[in-house]
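# Examining the three-dimensional arrangement
Spelled out from the first residue to the last, the chains are:
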Amino acid sequence: MTQAVLLFPGQGSQEPGMGRDLAEASSEAMNLWKQAERISGLPLREIYWEGDGDAMSDTRALQPALTVVNLNLWNAVAPRAQVRAAAGHSLGEFSAMAAAGVLSPESVLELTALRGRLMAEADPEGKGAMAALLKLDQKAVEEIVAETAAQSGELILVANYNTPAQLVISGAKAAVTMACQKAKERKGRGIELKVSGAFHSPMMAEANKELAPLLRKAVWSKPKFPVYCNAHGKAVTDGESARESLLAQMTSSVLWMDVMRNQFADGARRWLELGPKAVLGKMAAPCLAGMAAAEDISVELVNNAASAQAFQG
């Protein structure tokens, strides 16, 4: 069977009850939830198995909880998986590093719990915002961002290059609002996101500065397989390069199209998404448009105990 590239999603892929069936079927999986709760100081199982949508979207809880789900799904299929590489979208990059053996699961839980808290507290005055600009191509979005920056004098940039038709902007709230209006004028659509700040922008510099000592202190091992990183879209094959990529990630744009295109150029034809619901797999074909025919792309989702058990390798 063709070797797969592992894909781990980030914020926005959470689901009510995520990871519960796997944890109730495996003491190892349950223990990872308990470990994350000790590290974060939050009742993660109560929030995600019994809580409401607002509680589940709080980045303080979401980052360690989603990491637990991603890692438990990986642990469930790892003995059968034939892997050529891995990647994770934003928060999911930490899961990719753990799957590749670059960081230990405990270290990743410590990092994501702190990252979630720092990002939640980075903008207490609500100066930053993010929005998805839809129905517009990359050139149009970049023109809108440039025009908005020039007219407003405020910080604004493309934070997520998800697919050619799905880009996310980040920056000062007034600038993001202006850009959404400009998108509407061009027959596009701007949807402001429910986030606590301007993620993947220089407005996260202070939070990144506070996370950096823990990142530097962590033990970084040589990856068992390459990990393609958000900040530059390329594969890293040593621990030092992986660390430097994650040190830059919080304030850098997520170059997801580059990640997928570089994987394909390096020979990837099969992807395995490990997360609560299908998110990244749906982006594969749009990202690879013009490079690959639909029949050349194989995407599989493992999102619960049943699909993990059914996974063939």
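One can find the structure itself at the top, above this paragraph.
Only a predicted model underlies this, so the values are computations on that prediction, with no experimental measurement involved.

### Digging into the nonpolar core
L6, W33, Y48, W74, L103 and L274 are the most contacted members of the largest nonpolar core, which has 69 residues in total. Per-element accounting of this core gives the leading share, 10 residues, to helix α5 (residues 59–77). Beyond its immediate stretch of four places on either side in the chain, W74 contacts L6, F8, A81, V83, A99 and L274. If you look at the next biggest cluster of nonpolar residues, it comprises 40 residues, including I144, Y228, W256 and A292.

### Details of the layout of surface pockets
Space inside the largest pocket adds up to approximately 870 Å³. Lining the largest pocket are 34 residues, and of these Q11, G12, S13, L193 and V195 lie nearest its centre. Elements with a contribution of two residues or more to the lining of the largest pocket: α4 (53–57), α5, α7 (105–121), β3 (128–134), β4 (156–163), β5 (166–172) and α13 (280–287). Here the residues of the lining of the largest pocket sort into 14 nonpolar, 15 polar and 5 charged.

### Looking at the pattern of salt bridges
Side chains that differ in sign of charge can pair as their charged atoms come close. Tallied over the full model, the rule gives 11 salt bridges. As a salt-bridge pair, E24 and R20 come within 2.9 Å of each other at their nearest N and O atoms. Of this pair, E24 and R20 both sit in helix α1 (residues 20–25), 4 residues apart, roughly one helical turn. On the accessibility criterion, E24 (52% relative accessible area) is exposed. Here the salt bridges share partners, and the residues they tie into one network are E143, E147, K182 and R186.

### What about the state of the cysteines?
Enumeration over the complete set of coordinates arrives at 0 disulfides. Between C229, a cysteine without a disulfide, and C287, which holds the nearest cysteine sulfur, the sulfur-to-sulfur distance is 16 Å.

Parameters at a glance
- Residues numbered from 1 in each chain as written.
- Predicted model: local features only at pLDDT ≥ 70, side-chain atom pairs only at ≥ 80, totals over all residues.
- Heavy atoms only, no water.
- Core = buried A, V, L, I, M, F, W, Y, C linked by side-chain atoms within 4.5 Å.
- Buried < 20%, exposed > 50% of the residue type's maximum accessible area, 1.4 Å probe, protein only.
- Helix = DSSP H or I, 4+ residues; strand = E, 2+ residues; numbered from the N terminus.
- Contact = heavy atoms within 4.5 Å.
- 1 Å grid on protein atoms, 1.4 Å probe; cavity = no way out; pocket = protein on both sides within 12 Å on 5 of 7 lines; lining within 4 Å.
- Points joined across faces, edges and corners; volume = space filled by probe spheres on them.
- Nonpolar A, V, L, I, M, F, W, Y, C, P; charged D, E, K, R; others polar.
- Salt bridge = Lys/Arg side-chain N within 4 Å of Asp/Glu carboxyl O.
- Disulfide = S-S within 2.5 Å.

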